[in-house]
Amino acid sequence: MRITLSCAALALALGSAPAFAQSGEITIWSWNIAASSLKATVAGFNKLHPDIKVTVQDLGNQPTYDKSIAGCAAGGVGLPDIVTIENGEAENYWSQFPDCFVDLHTLGYTAEDQKKFPDFKRTELEVGDKAYAMPWDSGPVAAFYRRDFYEKAGVDPASIKTWDDFIAAGKKIQTANPGVSMTNADFNGDTEFFRMISNEQGCAYFAEDGQSITVSQPKCVDAMTKIKEMKDAGIISSADWSTKITNNTAGVVATQIYGGWYEGTIRTESAGENGKWGVYLMPSLTSDGPRAANLGGSSLAITSASKNKEAAYEYMKYTLGTNEGQITMLKDFGLVPSLVSALSDPYVGEGLPYWGGQAVWKDILGTLPKVVPSRGTQFQSDAEIIVRAVQTKYLGGGYPDAKAALDDAAKQIAAATGLPVK
């Protein structure tokens, strides 16, 4: 009997992960198109693992964050197996609840696996020698534009290399197309343009090590200065998220500058504009400057409360760690892969009918290796609130210049976080 038990125990020890990974149920919390994308990968996953039932619950963005934070605070009570976590909020979780999520290394996530993703996507997901989440989608920034509006104004998007070029083109496009704005921005509700241009120039709210405040450094000042120049030139009209979508469909905006995931938003929300849109690289501050940045993107993390961690990891390996999983989400919903090998998938090089036959993913994903890592830290939400208010005041003439505005922002962030200004 003792020999029988010992052999059984040995077999269990040697084969536990594969055995458990072949069956069971897992539940995932996510939101909107992200949730729909995860659902789209289940069929392919079940071809490999037919006995693992995957349930994706679409809770909405803010409820996912609120419920998962509350669950972590309650010691894991009520949490699913996998939680979708935005990169910018990731360190809020790890800093407050370091035991709420599994170190993926304990499930087989190797250093070689980590290298399959760009550094900028992993910066906020790993602490020391622990990896709390696997990168999912990214947001390489691109300019999505209406071909017909540009053509009517005689503007070749290939000629737009700098933000000054963008301003000049915007004036021409608005003159040639009455009632059309060059672009939209939600200056009161977001810092999207500031974060995009700052990241492009290698500046962020915090230093890469997360130990100091860098929002008032020269490149960030340059970014904020240029935003005011664009606003003062009259080429930006105010619009929140839903208004931008309405404007796209109504044909009253010529360009939207966003993370690559916006491709799916335009294609699905403005389906009637088939063939009218195109894509070009974001402009830079100088003609030979960098033209790559990231805005947005998420990851998947396995909760310590999960009863089926091995199955959850198998699902993540397929969905995020294979070209098949990533390209399925790209095709169906425009979720941009972080997986570097997906850049060589044949679909990426295909001309897409909606985009006038342009191989938009080749252009958008080609910028991924050039994106500079930007650390959010656990103070990202605090800093965002402060910078948003400072930006509104600056654009309204409340500071003599961008340097004074960002010096004030840095001072306020230091008071809120206790970190020094670098």
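Sequence positions are assigned chain by chain, starting from 1 and proceeding in written order. Predicted model: local features are reported for residues with pLDDT of at least 70 only, side-chain atom pairs are reported and counted for 80 or more only, and whole-chain, interface and lining totals are derived from all residues. With hydrogens and water excluded, all non-hydrogen atoms of the structure serve as input to the side-chain values.

Peer 1: Give a detailed account of the overall build of the protein chain, specifying residues and quantitative values.
Peer 2: When you go through the protein chain residue by residue, the secondary structure sums to 17 helices and 11 strands. This radius of gyration counts C-alpha atoms alone. The globule rule is 2.2 Å times how many residues there are, raised to the power 0.38. In terms of overall dimensions, the protein chain is globule-like: its C-alpha atoms have a radius of gyration of 23 Å, near the 22 Å expected for 422 residues. Along the longest, intermediate and shortest principal axes, the C-alpha atoms of the protein chain span 90 × 50 × 35 Å. Only protein chains enter the accessibility calculation, which uses a 1.4 Å probe; a residue is then buried when its area is under 20% of its type maximum, exposed when over 50%, and partly exposed in between. For the protein chain, with 422 residues in total, the buried portion stands at 55%. If you take every contact in the protein chain between residues at least 6 apart in sequence, the share linking residues at least 24 apart comes to 77%. Using the Shrake-Rupley algorithm and a 1.4 Å probe, accessible areas are obtained, with residue cover drawn only from the displayed protein chains. Accessible surface, the protein chain: about 17000 Å² in total, of which carbon and sulfur atoms supply 53%. Only four residue types enter the tally: Lys and Arg on the positive side, Asp and Glu on the negative side; His and the chain ends are excluded. By convention, the point assigned to a charge is CZ for Arg, NZ for Lys, CD for Glu and CG for Asp. Here the protein chain carries 37 positive and 48 negative side-chain charges, and the mean point of each set is 2 Å from the other. Numbering of helices and strands runs from the N terminus, with a helix taken as a DSSP run of H or I at least four residues long and a strand as a DSSP run of E at least two residues long. Contacts: residue pairs with any heavy atoms within 4.5 Å of one another.

Peer 1: Explain the pattern of salt bridges to me, using residue names and the numbers behind them.
Peer 2: For this analysis, a salt bridge means a side-chain nitrogen from Lys or Arg found within 4 Å of a carboxyl oxygen belonging to Asp or Glu. Scanning the entire structure with this criterion turns up 17 salt bridges. Two residues, Glu384 and Arg195, come together in a salt bridge whose shortest N-O distance is 3.7 Å. Placement of Glu384 in helix 16 (residues 380–395) and of Arg195 in helix 9 (residues 192–200) is noted, with a sequence separation of 189 residues between them. A relative accessible area of 9% places Glu384 in the buried class.

Peer 1: Break down the confidence of the model for the protein chain for me, with residues and values.
Peer 2: This prediction gives the protein chain a mean pLDDT of 92; 95% of its residues lie at or above 70. Across the chain, each position has a pLDDT score giving the predictor's confidence in that residue, from 0 to 100. Scored below 50 in pLDDT, residues 1–21 makes nine contacts in the model with residues more than four places away or belonging to other chains.

Peer 1: Give a description of the side chain of Asp103 that names residues and reports values.
Peer 2: Checked against the element boundaries, Asp103 lands in the loop between helix 4 (90–96) and helix 5 (111–114). Of the buried charged residues, Asp103 lacks a salt bridge, with Lys130 as the closest side chain of opposite charge at 5.9 Å. Polar contacts here mean pairs of N or O atoms no more than 3.5 Å apart (in protein, one a potential hydrogen donor and the other a potential acceptor; neighbouring residues in sequence count only if both atoms are side-chain atoms). For Asp103, the side chain forms a polar contact with the main-chain nitrogen of Ala131, separated by 3.1 Å.

Peer 1: Hey, could you go over the environment of Val371 for me, with residue numbers and the actual values?
Peer 2: Of note, Val371 is situated in the loop between helix 15 (360–365) and helix 16. The buried category is assigned to Val371, whose relative accessible area is 7%. For the pair Val371 and Asp119, spaced 252 residues apart in sequence, the C-alpha to C-alpha distance is 8.8 Å. Aside from chain neighbours lying at most four places away, what touches Val371 is Phe120, Asn199, Ala292, Ala293 and Asn294.

Peer 1: A description of the state of the cysteines should follow, citing residues and the corresponding values.
Peer 2: We call a pair of cysteine sulfur atoms a disulfide whenever their separation is within 2.5 Å. Summed over the entire model, instances satisfying the criterion amount to two disulfides. Between the sulfur of Cys72 and that of Cys100 lies a disulfide, 2.1 Å long from S to S. With the S-S dihedral at roughly -85°, the linkage between Cys72 and Cys100 falls on the left-handed side. Taken as a pair, Cys72 in helix 3 (residues 61–73) and Cys100 in the loop between helix 4 and helix 5 lie far apart in primary sequence, 28 residues in all.

Peer 1: Residues and numbers for the packing of helix 9 against helix 10 (residues 218–232), please.
Peer 2: The geometry of helix 9 relative to helix 10 is characterised by a closest axis approach of 9 Å and an angle of 135° between their N-to-C directions. Comparing the axis directions of helix 9 and helix 10 gives the class oblique. The interaxial crossing formed by helix 9 with helix 10 has right-handed handedness. For the pair formed by helix 9 and helix 10, the contact residues are Phe193, Phe194, Ile197 and Ser198 on the first element and Cys220, Ala223, Met224, Ile227 and Met230 on the second. Asp, Glu, Lys and Arg are counted as charged, while Ala, Val, Leu, Ile, Met, Phe, Trp, Tyr, Cys and Pro are counted as nonpolar; the rest, among them Gly, fall into the polar class. For the contact of helix 9 with helix 10, the per-class residue count stands at eight nonpolar, one polar and no charged. Only the contacting stretch of a helix is used when fitting its axis, a line to C-alpha atoms as for every element, and angles between N-to-C directions run 0 to 180 degrees. Small angles under 35 degrees read as roughly parallel and large ones over 145 as roughly antiparallel, with 65 to 115 read as roughly perpendicular and the rest as oblique. Rotating anticlockwise by less than a right angle from the far helix to the near helix defines a left-handed crossing, while the corresponding clockwise rotation defines a right-handed one.

Peer 1: Lay out the packing of aromatic side chains with the relevant residues and their values.
Peer 2: Here is the rule: rings of Phe, Tyr and Trp (six-membered ring for Trp) pair when centre to centre is within 6.5 Å. Planes less than 30 degrees apart are stacked, more than 60 are edge-to-face, and the remainder are tilted. Going through the model one piece at a time under the given rule, you end up with 22 aromatic pairs. When the centroid spacing of 6.1 Å and the interplanar angle of 40° are considered together, the rings of Trp241 and Trp261 count as tilted. Linking Trp241 in helix 11 (residues 241–250) with Trp261 in the loop between strand 9 (253–259) and helix 12 (262–269), this pair joins segments that are 20 residues apart in sequence. With a relative accessible area of 40%, Trp241 lands in the partly exposed category. Counting every residue linked through ring pairs, the aromatic cluster contains Phe144, Trp241, Tyr258, Trp261, Tyr262, Tyr354 and Trp355. Above the ring of Phe149, the side-chain terminus of Arg146 is found at 4.2 Å from the ring centroid. Geometrically, a charge over a ring is one whose NZ (Lys) or CZ (Arg) sits within 6 Å of the ring centre while staying within 35 degrees of the ring normal. Note that Lys228 overlies the ring of Tyr394, its terminal NZ or CZ placed 5.9 Å from the centroid.

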